[in-house]
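An overview of the molecular structure
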Amino acid sequence: MLKLDECIISNGSFLLNADFEIETGAKVAVIGPSGAGKSTLLETIAGFRDLKAGQMHWNDQSMTTLPPGKRPLAMLFQDGNLFPHLTAAQNVGLGIRPNGRLSDEEKEMVKSALHRVGLPEMGTRKPAELSGGQQSRVALARILVQKRDVLLLDEPFAALGPALKAEMLDLVADLVAETGTTLLMVSHDPQDALRITEQTVFITDQVAHAPVATKQLFENPPPALRDYLG
Amino acid sequence: MAGRTQPVSSWPGISAAALVAALILGTLATVGLRAETSGGFNPSDWAALRFTLLQATLSAAFSSMLAIPVARALARRRFRGRRVLIALLGVPFILPVIVAILGLLQVFGRSGWISDVLGVFGLPPIQIYGLHGVVLAHVFFNLPLATRLILQGWQEIPAERFRLAAQLGCDGMAMFRLIELPMLRRVLPGVLAVIFAICLTSFAVALTLGGGPRATTIELAIYQAFTYDFDLGRAALLSALQLALTAAAALAALKFSRGDGFGAGLNRAIRRWDGGTPLLDAFWIIAAATFLLLPLASVVISGALGLFELPTLVFRAAAISILVATISTMLLLLLAVPMAVSAATGRYGIVELCGILGLAASPLVIGTGLFILIRPVANPAMLALPVTALVNAVMALPFALRILVPAARDTIERHRRLALSLDMNKRTFFTRIIVMRLRPQIGFAAGLAAALSMGDLGVIALFADAQIATLPLQIYRLMGAYQMQAAAGGALVLLLLSMGVFWILDRGGRWHAEA
């Protein structure tokens, strides 16, 4: 269970309050107007921003002061999810061993992860030789071998076309279902949220509200969400 | 950026910066302590100061003024070979001074091409030694630099402005006043200051073309105090004077010059509608190209003739130069890459400042300080080569940092979060990400450092005894002994080595590098 305990996040003069829990294995969308603090919330959970006040826990273990790499979570950013000078397999390998050489067994793990995301023959290619969709798949293969408890998505598929984006979201949904990973994804498209999440955290007026059922939220939106959806 | 976790350690760079600062400031302090102020400056010292300032002023003025029409012509004309010509404008930066001097002598010297032509008409030959020779050589080196800097100013004028002026019906003169003059007013002070500062510290030109009571620069006076009189106190006093001068000029140059790189994006010609005078533009372009290429062509031709009867001394000196350049380049990279990383994390501006110190201190002053420090414990001549390699590396440092810091900043900024989220350690991030991503810039910086060290004729002249010489020094000695054929052959070898090593390292860095 991911718990944000009376957290106050500051980003310059901007403040965001968050006080809620997310169940293990839940799939949660984070939506809200642009500038509301969706990315800020995810970056804080990932450890790239310090909390002004409050505590964060994963399964009753505090992670408030842990550096990003020591937290039980993996994150995909809007861009820069792969190192351009490393091959697809090397990029995936960093998920297992960021600082050393892979054993034969670990190389097999990389191979099967690439196989799982539909790129069995692409291991030796560099990102520039892959399409946008294929690059996203490599990043997801790395997430797979990282075996972290929580996956944070900060709109990593925003640059893809609608069909490709839907395909990637379905792949994400399959992967997190297989591994029991807890998913938190930023989105500004209600369709994305409805497609693969059960719950939604809605951010408005400097508050990240506790997650509610996605479907019901959109069927009966509160006034602030209604304004946002238009 | 302050206070953010960085994926890479700043300490190696801070240590490197401390070493550089200790070397530069330590030698300067040594010079200051040793300087004999009791005697004060004698008349010949004042003459040296006056000549130094005069030649630097004239060199800066001529280079900049001549560069304006050349840059203007290059900015508005499109022709075959334009790209090559603009690339050639970068060559003097890594061209060994002694090679250019030899070429200039062969063209403008007493028995040079032009004097020969004058002789046909019964006119006396040109005198190249003295003030006008020094200024001529400085213009040869700095006209291309000035042209590049001013051309950059022209390229930065938005094309829309020329379109608007054309639509308003501005003719050539009006367009000059309206658009070009304001640009020149903005760019020229920096160009003048940079060239002035460069000419203050150019030792090899004064050594070869200057001399005598009427054409001695301060650096040359330091060298003479060393070699002729072995008067360390006087050398130190002159060094202190030179230091004050270069520090002031470097500060002025930094203040006036803008943070531009090495002239990327100069390949675009601006579309203009004022026509101008194609003939005049052609004249300037051809004149500038001839002025630059003639001496080089002369060295290549005469050197090729002398190539087969080179004394073994030259090959020995060439081997020594390759060794010195290799060590110097490795030292530079050991200092510059970590320093660039520290500077790029944004928290240590002081690191970059330490790197720039090399611009303010002249190599001869550092050399003087090192000589004073080394002499009580060892024979300076024994350490001539390591000292030369070290001083060359420190001199190349400001340029290397200029090349590396922006790329390092970009790489860290772009990959910081991913590396942190993967729990990559700082060492791995340095070796596997930064070094690999910066390969093109590292290759470029290494190429510059190697070529500069290969062609350097400065500190080595202070330290070397008759037994040992780098190739530039050997060529200088051959010229002094009037063995012009052998000197020309050696100059061609040096030219090929400098350009070759730059090309190999620069290419090597970009080989299979992904954007």
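Everything quoted here is computed from the prediction, not taken from an experiment. (Residues numbered from 1 in each chain as written. Chains lettered and ligands numbered in written order. Predicted model: local features only at pLDDT ≥ 70, side-chain atom pairs only at ≥ 80, totals over all residues. Heavy atoms only, no water.)

Remarks on the nonpolar core
- Grouped together as the largest cluster of nonpolar side chains are 213 residues, with contacts concentrated most on Leu41(A), Ile45(A), Ile150(B), Trp154(B) and Met339(B).
- If one sorts the elements of this core by residue count, helix H17 (residues 384–421) of chain B sits on top with 21 residues. (Core = buried A, V, L, I, M, F, W, Y, C linked by side-chain atoms within 4.5 Å. Buried < 20%, exposed > 50% of the residue type's maximum accessible area, 1.4 Å probe, protein only. Helix = DSSP H or I, 4+ residues; strand = E, 2+ residues; numbered from the N terminus.)

A short note on empty space enclosed by the protein
Residue and element names in this part refer to chain B.
- All chains considered together, the criterion is met by 4 cavities of 30 Å³ or more.
- Considered as a void within the structure, the largest cavity measures approximately 60 Å³ in volume.
- Around the largest cavity sit Leu88, Val91, Pro92, Leu95, Phe140, Leu292, Leu293 and Leu296, which together line it.
- At the level of secondary structure, the elements contributing two or more residues to the lining of the largest cavity comprise helix H4 (91–94) and helix H13 (278–306).
- No other element matches the 3 residues that H13 contributes to the lining of the largest cavity.
- Partitioning the lining of the largest cavity into residue classes produces 8 nonpolar, no polar and no charged. (1 Å grid on protein atoms, 1.4 Å probe; cavity = no way out; pocket = protein on both sides within 12 Å on 5 of 7 lines; lining within 4 Å. Points joined across faces, edges and corners; volume = space filled by probe spheres on them. Nonpolar A, V, L, I, M, F, W, Y, C, P; charged D, E, K, R; others polar.)

Topic: the pairing of strand E9 (residues 199–204) of chain A
Residues and elements named next belong to chain A.
- With 5 of 6 residues buried, E9 is to be regarded as a mostly interior element.
- With 4 bridges connecting them, strand E3 (residues 27–31) and E9 associate as parallel partners. Bridge pairing links Val28 to Gln199 in E9.
- Here E9 pairs with strand E11 (residues 212–213) via 2 bridges, running antiparallel. When the sheet's bridge partners are listed, Gln199 is paired in E11 with Ala213.
- Sheet analysis places E9 next to strand E10 (residues 207–208), joined by 2 bridges and oriented antiparallel. Bridging from a neighbouring strand, Ile203 pairs with Ala208 of E10.
- Turn length for the E9-E10 hairpin, with the two strands adjacent in sequence and antiparallel, is 2 residues, and the turn residue Asp205 shows positive phi of about 50 degrees. (Pairing = 2+ DSSP bridges.)

Some details on the UniProt feature "domain: ABC transmembrane type-1" (unreviewed entry) in chain B
All names here are of chain B.
- UniProt annotation of "domain: ABC transmembrane type-1" (unreviewed entry) refers to residues 49–253 and 318–505 when read in the numbering used here.
- When the span residues 49–253 is considered, its composition is 79% helix and 0% strand, and the gap between its end C-alpha atoms is 19 Å.
- Between the C-alpha atoms that bound residues 318–505 the distance is 18 Å, and the span itself is 82% helix and 0% strand. (UniProt positions renumbered as here; feature names shortened; annotations may be inferred.)

With respect to the environment of Ala193(A)
Residues and elements named next belong to chain A.
- Topologically, Ala193 is positioned in helix H6 (residues 190–196).
- As a C-alpha pair, Ala193 and Ser34 span 159 residues in sequence and 16 Å in three-dimensional space.
- In contact with Ala193, other than residues within four places in its own chain, are Ala29, Ile31, Ser187, Thr200, Thr214 and Phe218. (Contact = heavy atoms within 4.5 Å.)

Some thoughts on the interface of chain A and chain B
- Counting from both sides, the interface comprises 23 residues of chain A and, opposite them, 18 residues of chain B.
- Between chain A and chain B lies a buried interface of about 2100 Å² when both sides are counted; carbon and sulfur atoms form 59% of it.
- Between Arg417(B) and Glu43(A) there is a salt bridge, with its nearest N and O atoms 2.8 Å apart.
- In this assembly, chain A and chain B are joined by 6 residue pairs in polar contact (both at pLDDT 80 or more).
- In terms of residue class, the side of chain A that touches chain B is made up of 9 nonpolar, 9 polar and 5 charged. (Buried area = accessible area lost by both parts, 1.4 Å probe. Salt bridge = Lys/Arg side-chain N within 4 Å of Asp/Glu carboxyl O. Polar contact = N/O pair within 3.5 Å; in protein donor to acceptor, adjacent residues only side chain to side chain.)

Topic: the domain arrangement of chain B
All names here are of chain B.
- Each assigned domain of chain B is listed with its residue range as follows: domain 1 (1–30 + 310–515) and domain 2 (47–299).
- At the interface, 38 residues of domain 1 touch 38 residues of domain 2.
- Here domain 1 and domain 2 share 2 residue pairs in polar contact (both at pLDDT 80 or more) between them.
- Those elements that place two or more of their residues in the side of domain 1 that touches domain 2 are helix H15 (349–360), helix H16 (363–374), H17, helix H19 (439–455), helix H20 (459–463), helix H21 (471–480) and helix H22 (484–510).
- If you tally residues by element for the side of domain 1 that touches domain 2, the top one is H22, at 10 residues.
- Of the residues in the side of domain 1 that touches domain 2, the class split is 31 nonpolar, 5 polar and 2 charged. (Domains from an automatic or database assignment.)

Focus on the UniProt feature "domain: ABC transporter" (unreviewed entry) in chain A
- The feature "domain: ABC transporter" (unreviewed entry), as annotated in UniProt, sits at residues 2–230 of chain A in this numbering.
- A helix fraction of 35% and a strand fraction of 25% characterise residues 2–230 of chain A, whose end C-alpha atoms lie 31 Å from each other.

Details of the pattern of salt bridges
All names here are of chain B.
- Counted under the stated rule, the structure contains 15 salt bridges over all chains.
- Salt-bridge contacts for Asp45 lead to Arg234; the nearest nitrogen and oxygen are separated by 2.5 Å. One end of the pair, Asp45, is in helix H2 (residues 43–76); the other, Arg234, is in helix H12 (residues 232–256), and 189 residues separate them in sequence. Like Asp45, the residue Arg234 is buried in the burial classification.
- Across the salt bridge formed by Asp410 and Arg414, the nearest N and O atoms sit 3.1 Å from each other.

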